[in-house]
Every structure is written in structure tokens, then in C-alpha cells.
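Understanding the architecture of this molecule
Now for the letters of each chain:
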Amino acid sequence: MMTILRIVLLASLIICAISVSLSRNLLTSVVIYMAFSLTMTSIWLLLESPDLAITEAAVGAGVTSILFFVTLRKIHSIQTEAAEEIEEIEEKEEDHEQAESKL
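Residues numbered from 1 in each chain as written. Predicted model: local features only at pLDDT ≥ 70, side-chain atom pairs only at ≥ 80, totals over all residues. Heavy atoms only, no water.

1. Observations concerning the packing of aromatic side chains
Using the criterion set out here, one finds 1 aromatic pair in the structure. Centroid distance Tyr33 to Phe68: 5.7 Å. Interplanar angle 85°. Geometry classified as edge-to-face. Of this pair, Tyr33 sits in helix α2 (residues 26-46) while Phe68 sits in helix α3 (residues 50-74); the two residues are 35 residues apart in sequence, bridging distant segments of the chain. When its relative accessible area of 38% is taken as the criterion, Phe68 is described as partly exposed. (Phe/Tyr/Trp six-rings, centres within 6.5 Å; stacked < 30°, edge-to-face > 60°. Helix = DSSP H or I, 4+ residues; strand = E, 2+ residues; numbered from the N terminus. Buried < 20%, exposed > 50% of the residue type's maximum accessible area, 1.4 Å probe, protein only.)

2. A look at helix α1 (residues 2-22)
Given a rise of 1.5 Å per residue, 21 residues ought to cover 30 Å, and the 30 Å separating the end C-alpha atoms of α1 matches this to within 8%. Looking at the packing, one finds that the buried side of α1 touches α2. (Expected span 1.5 Å × (residues − 1). Contact = heavy atoms within 4.5 Å.)

Given below as C-alpha cells:
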């Protein structure tokens, strides 16, 4: 049973590594990175290294992911609903102005 679990965890690590390198969306890449880190945490627990598992969970999935999210927010890669609504309103106004200028 443990062998099957180890194989599944290693396969998920490989899948995460490949998918994060092929992902074009930064937010998706961060979420995949978090999954990779949590999988590594499980592997460290299976290898009976609880100190490394705790460190991986805290630093890998916790602090680093939060820093990535903050960075994405700062570079405006993650948009809030309000920002999206403002963009839609501006687009509608531009379309309305273009329609009026044609008349």
C-alpha cells in the first residue's frame, strides 16, 4: 500500500513540474506550485522527516505562495472584480463615443 502511495505522489510531482512549466497563466502556475509543495510535504512525512515536512509546508506552500500572490497583485496580474467592472464600463463608454463620432 505504501509503495502505491509513493508512486502516486512521485507521479503527481512530475505532473506538477511539467504543468507549471507549460502553464501560460501566472496565477495557475502559483497554484500548481502550491500543490507541488504540499505533495513534497507528504513525501517528507512518508520518509519520516517531520521537521522537513513542517518546513516545506510553512515555507514552500505558505510564505512563498503568499509572496507570489502579493507580487501578482502588485503587477496587476490578478484583477479584482471592481477593476474588471471599471474596464467594462470604460469599454462601453469608448464604444458609445465611437458610435456618436460616426453620426
